[in-house]
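# Close look at the chain arrangement
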Amino acid sequence: MKNQSMASNKLNNFLTANVIAYSISALSAIAFAQAANPVQNNPVQNNPGPALPVLPATPSINTVPTIISLQPITIKESYATDFRSEHQQVSSGWLMVIRGDSNILAPRALAEPLLLASGTGADGSVWIESVEWFNHGFISGYRVCFIPSTADQKSVADRTTQGLRVWFGSPKLPESVDAKALQSELMEADRVGIVAASAVKVEDSAPKVLANREEIVSAANALIARWAPDEIQNEGVSVPVAPASK
Amino acid sequence: MIYLPLRLSVVAAITSSVLLHATAQGACPGDINGDLRVDAIDLTILLANWSGTSTGDLNGDGFVDGADLTILISLWGQTCPPPQPTTEIRLACFPLTAAPFASFVQTFIAGTTVTIAVDPGFTPIQVGATADFFVVAARTTNEWAANDLLTDVRGTSQPITFAAGGISANRFTVTNGSTLSGDGGLSVGRGYDLVIDMDRNGRFSLGDLIDGGDDRAGLWISRDPTATGPRAVTTLSSYTATGATANFTLARLWYPTTIASMAPCPLVVISHGNGHQYTWYDYLGSHLASWGYIVISHQNNTVPGIETASTTTLQHTSAIIAQQATVASGAINGKIDASRITWIGHSRGGEGIVRGYDRIFDATYTPTGYGLSNIKFLCPISPTDFLGVNSANPHAANFMLLWGAADGDVSGTPTSSIAWSFDLAERSVGFRNTVYVHGADHNDFNCCGVNDFVGPSGTAILNAGAQAVAKAFILAGIKYHIEGETAMKEFMWRPSSTLRPTGVAATTTLVKELVPAASASVKSIDTFQTQTSTTLSSCGGAVTSTVTNVSEALSRDTDASFSWSTANPHNGSTRASSSDTGRMIAWDWNSAQNMEWAVPVSIGDVSAMNFIEVRVGQGTRHPNTVALAGGATFSIVLRDAAGIEVRVSSSAQGEAVNRPYQRTGDGSGAGWQNELRTIRLRLRDFQSGGTGINLGQIVAVRIEVGGTAGSATGRFIIDDLQFTKE
């Protein structure tokens, strides 16, 4: 495995990513069932065999993950998001767990696909956000994220899950993304036909009120402990993603 | 010949009797009174001291007797050469099979054979004369002035007898050289000065030869820099940094267990890459701590990008300085030397540390507890280049880049300059060196990242191989830049065939560049920056050539493919993103051909310089490179104002320009980026054997290829042709 050529995997990974892009929504019901016991779900599905996981080929963009859960959040102390170049203030959003393919979720030094979310506000306006994420989910298949409601968009209270779309866009550094780039991503999503999530489980329809971003991080870490325990970095429980024999 | 300032002080310190004795026993046996003749006066002195124990004791047996009289009579009437001042020369070397027959160096790995050589064409010696060779614990200039007594660390000196036949006949294996200790405490090695006591008086005196008479040790015996250092290490598995970005507050700490009894230790900060963890660099943290450093590895906010990553590096550096009284129960309180900081970053973290440095440089970020001048060394490992020259610029910082040729992530692909780690190195205007590691992938430099190896089967060096390289070269860099251990510099440019950390496998190919900062220690002939013409060098001299397909241009592959194309003459050059301006020259040959640079009078006096050097690599996938299928050799010719030309071959030094790593992809053929390495030829090699060339009046430098000068065919990428000092 160590000497396995990246090039030889490229075609297969490309095909896999595209197949998943169009089928994963339909499989969301299965994903829900699997999600009942996430520990049993990982990591072998993404990386069969005992050897070291191999970095997948560069993923195809415009693929759609499965939304596992959503939790509306409001915070008393706003913060400036690092996932936009404008660093807009954020005071609410959705804490989200998604499940995706390892092609997409693999950590890379080079640009990773943006994680994007879009929907329609109660007033009918369309919004799009650069989603923050707290872990990669390469091994587990689960990524814990936060869809911020940035200052130039509507509050989460004005948003519904109806028509919510979450997808992976162009590979870019999130900190380099501005409103113009997001609009381009939105147009591209419309062009390629990114569809709305067919089923979204909202944990609690009433926004949970937290003090600040640190409490969002704490809540996210609790979800990582549940869905992606290999990525916990707290003292004493840090788990490498590869066997020690590497 | 170098006349040491210390000579006068030594002369002033010694007595006339010693001088007499020295002259008699040294280069001219029999000349007891030092008048350069063996005559009746000497006989009178000898007889006057008959049965004595010093003056007149020509054979050194402790008595003035008939044996001494016999020697004097045998030399009767001889005219002696004038006494020489003490002479600083290079003695330590490794032998070469062809001219110049010895490569003079300073650093040897402990346990290896050490050789010295004397070049009769450079240093006057008397054939048949015997002298005593001493290995002395290194002394500074002042220490030599204060103490000229020669004490051999081996217990006894080594007699050597000069022979006819040039330098090759005057090479001597240092007796017990392989047993010389490299134990320098927290220093990686130990220094020695080498003295040839020509007059055999047991003192460093007139006519003696010395290697290391200045503050530089003549010989440096280095322990294996991959080996654990002398201090036990205490690890704090995790602590929380106050003031760091939420969710990125954890860090791991390593420090010498005996730190309470130590002076404040330099600080080393490790910043991981995207998808990596701060717990993945134990091998490096514990290694450096065992050599006397306080090391932290911190959580790094890499997902949003480089700016956020740099912020966490900046924050954590401040935090450990601010929290030293409480972290690890105060064990490191007062023990952080915040004036000497090293930043190591991997992947996005590698670009992050450069960005962090740049932010301080640009005054867009002001850290607490330290400043720009306190960051002494930047060491990115396989860094990305998202930001370009304006935002990820190391400026004049001391800089070292490690990069794995089998990297499947920051791969160096011609399709994306984000993956061009070497951009960052080319931007450096300080001291910089790079180590291009064949067979290493991106995550071989940590414990646990995904497998991204892309390379020929059987070439992978895996984590152990790559981490041995990282341990050795990062330690060497820190010791050099932070501690002033100048001998460690040789690890940065000498080929592995002559200097290899023991823990780095002999089969591991390392391609090394070293570029000193522009300063008085550099006389540049051509940087290919300020003159775009191929017939004019950056120093203003004419350039003529017989080589073919010459192209001087940005060091940038322009067609997103490594397949060879005549339309892309700098194919394989991945060192100048769209924001960079670094240029190089490329050309090829199929017969005896050359390129010659005229050296203007203004820089033609290179008598105070030590090397002629050039960065050179093979043009990847070029038909000539493919045909050569191996290392490429060449010669450098110097010409002086009198028309004397001397040629030194790279192959004589065991030097060749590496064949590109035979990685495939991004086009047809095999071979990855153009791998540049620094080849340095010592200027005194051009004088070896008494060539008579005048280094004070060099008028031309010529690189010759093909024929008898080097490889029959090939294509070179060349930069930074220059004279440099040690």
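Think of each chain on its own: its residues are numbered from 1, step by step along the sequence as written. The order in which chains are written sets their letters, starting at A; the order in which ligands are written sets their numbers, starting at 1. Note on the predicted model: pLDDT of at least 70 is required for a residue's local features to be given, and 80 or more for side-chain atom pairs to be given and counted; whole-chain, interface and lining totals, by contrast, use all residues.

### Topic: the overall build of chain B
Only DSSP runs of H or I with at least four residues qualify as helices, and only runs of E with at least two residues qualify as strands; both kinds are numbered from the N terminus onward. Across its full length, chain B holds 11 helices and 32 strands. To get the radius of gyration, use the C-alpha atoms; to get the globule rule, take the number of residues to the power 0.38 and multiply by 2.2 Å. By the compact-globule yardstick of 27 Å for 726 residues, chain B fits well, its C-alpha radius of gyration being 28 Å. Dimensions of chain B, computed from C-alpha atoms along their principal axes, come out at roughly 90 × 65 × 45 Å. Going through the 726 residues of chain B one by one, you find that 58% of them count as buried. Taking as baseline every contact in chain B between residues at least 6 positions apart, the subset at least 24 positions apart corresponds to 75%. Partly exposed residues are those whose C-beta has more than 12 but fewer than 20 other C-beta atoms within 10 Å; with 20 or more the residue is buried, with 12 or fewer it is exposed, and the C-beta atoms are placed from the backbone. Residue pairs are scored as contacts if the distance between their C-beta atoms, which are placed from the backbone, is within 7 Å.

### Quick notes on the overall build of chain A
Helices and strands together make up the secondary structure of chain A, namely 6 helices and 8 strands. The helix and strand sequence of chain A, counted from the amino end, reads α-α-α-β-β-α-β-β-β-β-β-α-β-α. Counted over contacts in chain A with a minimum sequence separation of 6, partners at least 24 positions apart contribute 81%.

### Description of the environment of Ala-206 of chain A
In this fold, Ala-206 of chain A is placed in the loop between helix 5 (179–192) and strand 8 (208–210). Separated by 86 residues in sequence, Ala-206 of chain A and Thr-120 of chain A have C-alpha atoms that sit 18 Å apart.

### Topic: unusual backbone geometry
Residues and elements named next belong to chain B. Residue Ala-99 is joined to Pro-100 through a cis peptide bond whose omega torsion reads 10°. Residue position: Pro-100 is located in the loop between strand 3 (92–95) and strand 4 (102–104). One non-glycine residue, Phe-528, lies in positive phi territory at about 65°. In this structure, Phe-528 sits in the loop between strand 22 (522–526) and strand 23 (543–545).

### A short note on the sheet that holds strand 18 (residues 375–381) of chain B
All names here are of chain B. Between any two strands, at least two bridges found by DSSP are needed for them to pair. Pairing is mixed across the open sheet formed by 9 strands, whose spatial order is 13-14-16-15-17-18-19-20-21. The sheet is open, and its two edges are formed by strand 13 (233–240) and strand 21 (510–515), each paired on a single side. For this sheet, the mean inter-axis angle between neighbouring strands, taken without regard to orientation, is 15°. As paired strands, strand 19 (residues 399–404) and strand 20 (residues 432–437) are joined by 6 bridges and run parallel to one another. Residue pairing across strands places Trp-403 opposite Tyr-436, the latter belonging to strand 20. Helix 6 (residues 282–290) contacts strand 13, strand 14 (250–256), strand 15 (265–271) and strand 16 (294–298) of the sheet and is inclined by roughly 30° relative to strand 14. Simply put, an axis is a line fit to the C-alpha atoms, just over the touching stretch for a helix, and the angle between two N-to-C directions goes from 0 to 180 degrees.

### Re the nonpolar core
Only buried residues count toward a nonpolar core: Ala, Val, Leu, Ile, Met, Phe, Trp, Tyr and Cys, linked into one set through C-beta atoms within 7 Å. By size, the foremost hydrophobic cluster in this structure holds 143 residues, and its most contacted members are Leu-378, Leu-402, Val-437, Val-469 and Phe-473 of chain B. The greatest single-element share of this core, amounting to 12 residues, is contributed by helix 10 (residues 462–483) of chain B. The residues contacting Phe-473 of chain B, other than those within four sequence positions of it, are Met-400, Leu-402, Val-435 and Phe-491 of chain B. In terms of nonpolar packing, the next biggest core, distinct from the first, is built from 44 residues, Ile-68, Trp-133, Ile-147 and Leu-182 of chain A among them.

### Points about the pairing of strand 28 (residues 635–640) of chain B
All names here are of chain B. Most of strand 28 is tucked away, with 5 of its 6 residues classed as buried. Here 5 bridges tie strand 28 to strand 29 (residues 645–649), and the two strands are oriented antiparallel to one another. Residue pairing in the sheet places Ile-636 in a bridge with Val-648 of strand 29. Across 6 bridges, the pairing between strand 28 and strand 31 (residues 698–705) is antiparallel. Within strand 31, the position partnered with Val-637 by the bridge is Arg-702.

### Regarding the pairing of strand 26 (residues 593–598) of chain B
Residues and elements named next belong to chain B. Examined bridge by bridge, strand 23 and strand 26 share 3 bridges and lie antiparallel to one another. In the strand pairing of strand 26, Ser-545 is matched with Met-595. The sheet contact formed by strand 26 and strand 31 spans 6 bridges and is antiparallel. By the bridge assignment for strand 31, Met-595 is matched with Ile-703.

### Considering the confidence of the model for chain A
All names here are of chain A. Taken residue by residue, chain A gives an average pLDDT of 73. The fraction at 70 or more is 67%. For every residue, the predictor assigns a confidence score, pLDDT, that lies between 0 and 100. Ranking the elements of chain A by mean pLDDT puts helix 3 (residues 38–41) last, at 28, and strand 5 (residues 132–133) first, at 96. Below a pLDDT of 50 lies the segment residues 1–52, which in the model reaches 79 contacts outside its immediate sequence neighbourhood of four places, other chains included. Within the model, the stretch residues 235–246 combines pLDDT values under 50 with 25 contacts to residues more than four positions away or in other chains.

### Considering the domain arrangement of chain B
We note that the domain assignment places domain 1 (2–74), domain 2 (87–222), domain 3 (233–515) and domain 4 (522–724) within chain B. How far each domain reaches was decided by an automatic or database domain assignment. A separation of 53 Å is found between the C-alpha centroids of domain 1 of chain B and domain 4 of chain B.

### Re the packing of helix 3 (residues 40–48) of chain B against helix 4 (residues 66–74) of chain B
All names here are of chain B. The contact between helix 3 and helix 4 brings their axes to 11 Å, and the two run at 180°. The orientation of helix 3 with respect to helix 4, classified from their angle, is roughly antiparallel. Where helix 3 abuts helix 4, its residues Asp-42, Leu-43 and Leu-46 lie against Asp-68, Leu-69 and Leu-72. Here the angle decides the label: under 35 degrees means roughly parallel, over 145 means roughly antiparallel, 65 to 115 means roughly perpendicular, and every other value means oblique.

### As for helix 5 of chain A
Residues and elements named next belong to chain A. In this model helix 5 runs 20 Å from its N-terminal to its C-terminal C-alpha over 14 residues, within 8% of the 20 Å that 1.5 Å per residue would give. What helix 5 keeps buried is the set Leu-182, Glu-185 and Ala-189. Looking straight down helix 5, one finds that the buried residues subtend no more than 55° of arc, so they occupy a single side. In helix 5, the exposed positions angled more than 90 degrees off the buried face are occupied by Lys-180, Gln-183, Met-187, Asp-190 and Arg-191. Packed against the buried residues of helix 5 are strand 3 (113–120), strand 4 (126–130) and strand 7 (165–171). The span one expects for a helix is its residue count, reduced by one, times 1.5 Å. Comment: arc refers to directions from the helix axis out to C-beta atoms.

### Let's talk about the environment of Ser-261 of chain B
All names here are of chain B. With respect to the helices and strands, the residue Ser-261 is situated in the loop between strand 14 and strand 15. What makes Ser-261 exposed here is the crowd of 6 C-beta atoms within 10 Å. Considering only alpha carbons, one finds Ser-261 and Ala-102, 159 residues apart in sequence, at a separation of 44 Å.

### Some points on the sheet that holds strand 5 of chain A
Residues and elements named next belong to chain A. Spatially, 5 strands are ordered 5-6-2-1-8 in an open sheet, and the strand pairing comes out mixed. Of all the strands in the sheet, just strand 5 and strand 8 have a single pairing partner and so form its edges. Pairing of strand 1 (residues 66–80) with strand 2 (residues 89–99), which is carried by 10 bridges, proceeds in the antiparallel orientation. Its bridge partner being in strand 2, Ser-69 is matched across the sheet by Val-97. Across the face of the sheet, helix 6 (residues 213–227) comes into contact with strand 1, strand 2, strand 6 (142–150) and strand 8 while running at roughly 155° to strand 6.

### Some points on the environment of Gly-182 of chain B
All names here are of chain B. Mapped onto the secondary structure, Gly-182 falls in the loop between strand 9 (171–173) and strand 10 (189–197). The partly exposed category is assigned to Gly-182, around which 19 C-beta atoms lie within 10 Å. A sequence separation of 10 residues divides Gly-182 from Tyr-192, and the C-alpha atoms of the two residues are 9.9 Å apart. Leaving out residues up to four positions away in the same chain, Gly-182 has contacts with Ala-110, Gly-189, Arg-190, Ile-221, Ser-222 and Arg-223.

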